[in-house]
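Okay, here's what each chain looks like letter by letter:
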Amino acid sequence: MAILLTGGAGYIGSHVLKQLLEKTEENIVVVDNLSTGNQACIDALLEIRDFHFAKIDLDNLEMLEMLIERFEVTDVLHFAASIVVSESMQNPLKYYKNNTAKTTGLIELCVNFGVKRFVFSSTAAVYGEPATNPVDETVLLAPINPYGRSKLMSETVLRDASNAHPAFKHVILRYFNVAGVAGDGSIGQSFPDATHLIKVAAQTALGARDALAVFGTDYPTKDGTCERDYIHVEDLADAHLKALEYLKTHPSDTFNVGYGHGFSVREVIKTMQRVSGVDFKVEMAPRREGDPAILVASSTKIKTRMGWEPQCDDLEHICKTALAWEKKLHEN
Ligand SMILES: NC(=O)c1ccc[n+]([C@@H]2O[C@H](COP(=O)([O-])OP(=O)(O)OC[C@H]3O[C@@H](n4cnc5c(N)ncnc54)[C@H](O)[C@@H]3O)[C@@H](O)[C@H]2O)c1
């Protein structure tokens, strides 16, 4: 048996891959087209122990089929996707093709070749602008951009596939705002155009950007700026290992992954300024379309059903690890 990771050279996939390599003895196959992923992460992780890496696109079904058969893949962790909301508004077809159509092709292959368990990277973007917080898994699904819709469509495909083929089970993990990097500094988020606030704040602290823009200061929140649930990527990675175990004895299901409390943009900026010691420039900008005021996960379900317990729920730690990684990138 083996586990197939798609998008394993990317930010979240590489952190999950790291934990799988360190904590399990499973055979692992990674596919990634390196469009936003990083060969250096793959090289760093090969130092832990061996795994098979294929630089292919998800649309290479022939090669995927060959890998699933050759390695007798039983489990799939599907991270590969396009993830920039603003880009999805300008180029929606890219998102429906890369996220929904290619995921459908992969799911079909998994069903046809007897894959047992499939863990899907979904997102809080499927909730759109929820009326109440914290958001639990029963809240109305109303994405407000093509990225969120492309993910929700993939969720639907997955649910229908499992309903029709009960031997093919899935867990959908809806991530909130993922941040931070591995504590040992070996891997991190390498794509320079990433839009995540904590990464951008770290880049600004290091002078790679002139200023940090705050989009909207008149939201009905504690200080007028948006509040988000920032989850450390190592806690998120652990949720994937738990999901694989969970699926061995439980039916398909969907879980939010977040800490259940939020920080405002201003609080994040202050924390990054404190840990970096740099009072970097901050510019106020108008609201962006489609940014809900508050987006915080209810994580009760994943905690009670899977026994998931966060270990890194500390904004300062998240900012420190993100900054250390950005420094490493900066120096290279
Ligand atoms: N980063 C977040 O805050 C966040 C939040 C919610 C959900 N997610 C989801 O998590 C998953 C991983 O996101 P990430 O932040 O690691 O992004 P990322 O861009 O760092 O990783 C995506 C990886 O997939 C690869 N890839 C993309 N399209 C591919 C294709 N067609 N064929 C092969 N490889 C392909 C990229 O090269 C990259 O290595 C995505 O599915 C995303 O929707 C991320």
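So, how was this worked out
Residues numbered from 1 in each chain as written. Predicted model: local features only at pLDDT ≥ 70, side-chain atom pairs only at ≥ 80, totals over all residues. Heavy atoms only, no water. Pairing = 2+ DSSP bridges. Helix = DSSP H or I, 4+ residues; strand = E, 2+ residues; numbered from the N terminus. Axes fitted to C-alpha atoms, helices over the stretch in contact; angles between N-to-C directions. Contact = heavy atoms within 4.5 Å. Buried < 20%, exposed > 50% of the residue type's maximum accessible area, 1.4 Å probe, protein only. Right-handed = clockwise from strand over helix to strand, strands pointing away. Near = heavy atom within 4 Å. Polar contact = N/O pair within 3.5 Å; in protein donor to acceptor, adjacent residues only side chain to side chain. Areas by Shrake-Rupley, 256 points an atom, 1.4 Å probe, with all protein chains shown as cover. Nonpolar A, V, L, I, M, F, W, Y, C, P; charged D, E, K, R; others polar.

Engineer: Just give me the short version of the sheet that holds strand E3 (residues 52-54), but keep the residues and values in it.
Structural biologist: Spatial strand order, E3-E2-E1-E4-E5-E6-E11: seven strands in an open sheet with parallel pairing. The sheet is open, and its two borders are formed by E3 and strand E11 (253-257), each paired with just one other strand. Between one strand axis and the next, the sheet turns through 15° on average, direction left out of account. In this structure, strand E5 (residues 117-123) lies alongside strand E6 (residues 169-175), joined through seven bridges in parallel fashion. Within the sheet, the bridge partner assigned to Phe120 lies in E6 and is Ile172. Most of the contacts of helix H6 (residues 146-164) go to E5, to which it runs at about 155°, and overall it touches E5, E6 and E11.

Engineer: Explain the pairing of E5 to me, and be specific about the residues and the numbers.
Structural biologist: By the criterion of burial, E5 is predominantly enclosed, with seven of the seven residues buried. The alternating pattern of E5 places Arg117, Val119, Ser121 and Thr123 and Phe118, Phe120 and Ser122 on opposite faces, both of which are buried. Relative to E5, strand E4 (residues 73-78) runs parallel, the two being bridged by four bridges. Bridging across to E5, Leu77 finds its partner in Val119. As for the winding sense of the linkage, the β-α-β connection from E5 through H6 to E6 is right-handed.

Engineer: Could you give an account of the site of the ligand, with specific residues and numbers?
Structural biologist: In the vicinity of the ligand, 29 residues are found, and the nearest of them are Asp32, Thr36, Asn98, Tyr147 and Lys151. Asn33 is positioned with one of its backbone polar atoms (N or O) 3.0 Å from a nitrogen atom of the ligand. Tyr147 has a polar side-chain atom sitting 2.6 Å from an oxygen atom of the ligand. Burial of the ligand by the protein chains amounts to 95% of its free accessible area of 820 Å². Sort the elements by how many residues they give to the shell around the ligand and E5 lands first, with three residues. Across the shell around the ligand, the residue classes tally to 14 nonpolar, 11 polar and four charged.

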